[in-house]
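Structural characterization, general
Chain residues, written in single-letter form:
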Amino acid sequence: MSPVLEMRGVSKVYGEGPAAVKALTGVDLSVESGTMVAVMGPSGSGKSTLLTIAGSLEEPTSGEVLVEGTSLVGMSRNDRARMRRRRVGYVFQDFNLLAGLTAVENITLPLELDGMRPKAAREAGLEALGELDLTDRAGHYPDELSGGQRQRVAIARAIVGDRRLLLADEPTGALDSVSGEGVMRLLKVACRRGAAAVLVTHDAHLASWADRVVFVRDGVVVDQTAPPAGPESLLAVETEPRA
Ligand SMILES: Nc1ncnc2c1ncn2[C@@H]1O[C@H](COP(=O)(O)OP(=O)(O)OP(=O)(O)O)[C@@H](O)[C@H]1O
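Parameters and conventions
- Residues numbered from 1 in each chain as written.
- Predicted model: local features only at pLDDT ≥ 70, side-chain atom pairs only at ≥ 80, totals over all residues.
- Helix = DSSP H or I, 4+ residues; strand = E, 2+ residues; numbered from the N terminus.
- Rg over C-alpha atoms; globule rule 2.2 N^0.38 Å.
- Buried ≥ 20, exposed ≤ 12 C-beta atoms within 10 Å, placed from the backbone.
- Contact = placed C-beta atoms within 7 Å.
- Axes fitted to C-alpha atoms, helices over the stretch in contact; angles between N-to-C directions.
- Parallel < 35°, antiparallel > 145°, perpendicular 65-115°, else oblique.
- Nonpolar A, V, L, I, M, F, W, Y, C, P; charged D, E, K, R; others polar.
- Expected span 1.5 Å × (residues − 1).
- Arc of directions from axis to C-beta.
- Near = placed C-beta within 6 Å.
- Pairing = 2+ DSSP bridges.
- Core = buried A, V, L, I, M, F, W, Y, C linked by C-beta atoms within 7 Å.

The name that an unreviewed UniProt entry assigns to the protein is ABC transporter ATP-binding protein, with the source organism given as Actinomadura alba.

Moving on to the overall build of the protein. Secondary structure summary: the protein contains eight helices and ten strands in total. A compact globule built from 243 residues would reach a C-alpha radius of gyration of about 18 Å, and the protein, at 18 Å, matches this within 12%. Looking at the protein residue by residue over its 243 residues, the buried ones come to 40%. Considering only residue pairs separated by 6 or more positions, the protein has 69% of its internal contacts joining residues 24 or more positions apart.

For the rest of this paragraph, the subject is the packing of helix α5 (residues 147-159) against helix α6 (residues 177-192). Close contact between α5 and α6 brings their axes to 10 Å; oriented N to C, the two are set at 10°. When the interaxial angle is binned, α5 and α6 end up roughly parallel. Facing α5, whose interface residues are Gly148, Gln151, Ile155 and Ile159, α6 presents Ser179, Val183, Leu186 and Ala190. Looking at the contact of α5 with α6, its residues break down into five nonpolar, three polar and no charged.

Given a rise of 1.5 Å per residue, 14 residues ought to cover 20 Å, and the 20 Å separating the end C-alpha atoms of helix α4 (residues 118-131) matches this to within 8%. Taken residue by residue, α4 has Ala121, Gly125, Ala128 and Leu129 as its buried positions. On an axial view of α4, the arc spanned by its buried residues comes to 100°, and they lie on one face. Among the exposed residues of α4, those pointing more than 90 degrees away from its buried face are Lys119 and Ala120.

Within the secondary structure layout, Glu181 lies in helix α6. For Glu181 and Val67, which are 114 residues apart along the polypeptide, the C-alpha to C-alpha distance reads 28 Å.

This paragraph deals with the site of the ligand. Contacts to the ligand come from Tyr14, Gly15, Val21, Ala23, Gly41, Ser43, Gly44, Ser45, Gly46, Lys47, Ser48 and Thr49. For the shell around the ligand, the secondary-structure elements that each account for two or more residues are β2 (21-31) and α1 (47-54). Among the elements that take part in the shell around the ligand, α1 stands out by supplying three residues, more than any other. Residues that form the shell around the ligand fall into these classes: three nonpolar, eight polar and one charged.

What follows covers the sheet that holds strand β7 (residues 165-169). Here six strands make up an open sheet; going across it, the order is β6-β7-β8-β3-β9-β10 and the pairing mixed. Here the strands that pair on one side only, and so sit at the sheet edges, are β6 (88-92) and β10 (220-225). If you compare each strand with its neighbour and ignore which way they point, the axes differ by 20° on average. The pairing of β7 with strand β8 (residues 196-200) spans five bridges and is classified as parallel.

Let us look at the nonpolar core. Counting 66 residues, the largest nonpolar core has Val39, Ala156, Leu166, Leu187, Ala197, Val198 and Leu199 as the members making the most contacts within it. The element contributing the most residues to this core is α6, with seven residues. Setting aside its immediate chain neighbours within four residues, Val198 contacts Leu5, Val31, Val37, Val39, Leu51, Ala54 and Leu167.

Rendered as structure tokens:
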């Protein structure tokens, strides 16, 4: 089976001439279904660039990105946008919830944009909220939710539908450590159900939830290791998919 995400020799240069910045150089990364990879490295090393290229929000200068075996190179802009909406879920530090939409509307918007009927989208949205114990907040607006609840809505939006690739950039950044662990648990559950996740973090404790840690320095992957035994090993039972 193809990996959910494969990056082959990916390089990214921002700008031109003397102002050019080599953000990534020759990055190879493969993430299988069921696997969470944490990306760590100093500030400016290229972690966010790696994530945005993996999610096709940005194009590499050279190299290739494949999602479920399909190369994004040469794909039309529309096809790429459709693939992104259907297959890729993003969780960013600032949540990116739309203030004028309720929790459930924030989740269903991408589904409806993708052509799902409003009723079916709403059912899927409510189910995703239910999985995150947020059913009673479905009709609340983002400013009526706590930081942890907003983050769970952002995660529900990322995992709703048939998303196979979850990309998270410091997803626990604004949360206390208990809520942060909750976020990691949810991402882990999504992986157990077959998703692949790539998580950028500065936090070694959070990285210990991952199956693999990738270290980036000056745009180059310098090391890939298994993390030390962390909380994940203690949660093997708790994070099993629900029947
Ligand atoms: N749009 C852009 N235009 C020009 N340079 C950019 C752009 N985005 C990123 N860079 C540069 O590319 C390099 C990698 O940036 P990136 O944001 O990927 O690093 P990072 O590891 O995520 O950093 P941090 O941990 O501080 O978020 C940096 O030198 C940055 O200044």
